[in-house]
Amino acid sequence: MTHWVKIPEARQHYLIDLEQVTAFVCSKNGRLTLWLPDSRMPMVLTRGGNLGTYDRILTYAHALPKPNTMTPWFKLDYDRSIYIINLAKISSFCYGPGQKITFWLPDAGLPIVLTHHSNPASYTTLCQFIEQQTGERLEDGGEV
């Protein structure tokens with residue numbers, strides 16, 4: 001079942017299938033950002049702009065990562081925001097010394113850099129996902 005939403009923006013209306021969105025960013029100041037599928041165009045929503053649409057998308061995004069279930073959706077507290085990312089849409093990971101993993105948000109091209117030191121729980125979850133998806137185990141020496 002698709003989840004289409006209508007977003008009015010600058011005299012235009014966008015119809016977006018939320019199931020095709022690869023990442024949502026919920027800022028602590030109340031901004032909600034998503035990127036149009038197959039585009040680098042961000043949609044930035046605020047509670048004051050269109051409360052009904054904002055709440056519907058926020059509710060949808062927060063329902064995606066379900067604890068203790070096998071889901072590709074990953075919730076990450078990063079850079080003063082909550083990122084909700086579909087890891088199944090990530091096509092490359094870069095692992096380097098110091099237990100650092102970098103990947104890029106699809107449709108946005110934004111790099112996410114995660115270290116074991118900065119966020120151990122999310123780092124471990126990401127390592128497990130990478131091993132499960134690729135069959136490769138990330139080693140301390142930076143080699144895959």
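See the structure shown above.
Computed from a predicted model, the values in this text were never measured in an experiment.

*Asks:* Residue-level account of the overall build of the chain, with values.
*Replies:* A tally of regular secondary structure across the chain gives two helices and 10 strands. Mapped from its N terminus to its C terminus, the chain presents α and β elements in the order β-β-β-β-β-α-β-β-β-β-β-α. Computed over the C-alpha atoms, the radius of gyration of the chain is 16 Å, within 12% of the 15 Å expected from 2.2 N^0.38 for a compact globule of 144 residues. When the backbone C-alpha atoms are referred to their principal axes, the chain occupies close to 55 × 30 × 30 Å. Each of the 144 residues in the chain was classed as buried or not, and the buried ones make up 41%. Residue pairs in contact within the chain that sit at least 24 positions apart in sequence constitute 41% of those at least 6 positions apart. Accessible surface, the chain as shown: approximately 8600 Å² in total, 51% of it carbon and sulfur. Averaging the locations of the 13 positively and 13 negatively charged side chains of the chain gives two centres separated by 11 Å.

*Asks:* Can you break down helix α2 (residues 120–134) residue by residue, with the values?
*Replies:* With 15 residues, α2 extends 21 Å from end C-alpha to end C-alpha; this agrees with the ideal 21 Å at 1.5 Å per step. Within α2, burial applies to Ser-122, Tyr-123, Leu-126, Cys-127, Phe-129 and Ile-130. The arc enclosing the buried residues of α2, seen along the axis, measures out at 160 degrees, which places them on a common side. More than 90 degrees from the buried face of α2, the exposed residues found are Ala-121 and Gln-128. In this fold, the buried residues of α2 make contact with β6 (73–78), β8 (93–96), β9 (100–104) and β10 (111–115).

*Asks:* Can you explain helix α1 (residues 51–63)? Please cite residues and give values.
*Replies:* Between its first and last C-alpha atoms α1 spans 18 Å; for 13 residues at 1.5 Å apiece the expected length is 18 Å, and the two agree. Burial in α1 covers these residues: Thr-53, Tyr-54, Ile-57, Leu-58, Tyr-60 and Ala-61. Seen end-on, α1 carries its buried residues on one side only, within an arc spanning 160 degrees. Exposed residues on α1 whose side chains face more than 90 degrees from its buried face are Gly-52 and Thr-59. Among the structural elements, β1 (4–9), β3 (23–27), β4 (32–35), β5 (42–45) and β7 (81–86) are those in contact with the buried residues of α1.

*Asks:* Before we move on, can you summarise the state of the cysteines with the specific residues and values?
*Replies:* Per the counting criterion, the structure on display carries zero disulfides. Lacking any disulfide linkage, Cys-94 is separated from the closest cysteine sulfur, that of Cys-127, by 13 Å. What makes Cys-94 partly exposed here is its relative accessible area of 40%.

*Asks:* I'd like a description of the sheet that holds β10, backed by residues and values.
*Replies:* Sheet strands pair via backbone hydrogen bonds, and the direction of the pair is either parallel or antiparallel. Across the sheet, three strands lie side by side as β8-β9-β10; this open sheet has antiparallel pairing. Only two strands of the sheet have a single neighbouring strand rather than two, namely β8 and β10. The sheet shows a mean angle of 20 degrees between the axes of neighbouring strands, taken without regard to direction. With five bridges joining them, β9 and β10 adopt antiparallel strand pairing.

*Asks:* Lay out the pairing of β10 with the relevant residues and their values.
*Replies:* Of the two faces of β10, the one holding Ile-112 and Leu-114 is buried and the one holding Pro-111, Val-113 and Thr-115 is not buried anywhere. Linkage of β9 to β10, two consecutive antiparallel strands, is achieved through a turn of six residues, within which Asp-107 is found at a positive phi near 70 degrees.

Calculation notes
Residues numbered from 1 in each chain as written. Predicted model: local features only at pLDDT ≥ 70, side-chain atom pairs only at ≥ 80, totals over all residues. Heavy atoms only, no water. Helix = DSSP H or I, 4+ residues; strand = E, 2+ residues; numbered from the N terminus. Rg over C-alpha atoms; globule rule 2.2 N^0.38 Å. Buried < 20%, exposed > 50% of the residue type's maximum accessible area, 1.4 Å probe, protein only. Contact = heavy atoms within 4.5 Å. Areas by Shrake-Rupley, 256 points an atom, 1.4 Å probe, with all protein chains shown as cover. Lys, Arg positive; Asp, Glu negative; His and termini not counted. Charge placed at Lys NZ, Arg CZ, Asp CG, Glu CD. Expected span 1.5 Å × (residues − 1). Arc of directions from axis to C-beta. Disulfide = S-S within 2.5 Å. Pairing = 2+ DSSP bridges. Axes fitted to C-alpha atoms, helices over the stretch in contact; angles between N-to-C directions.

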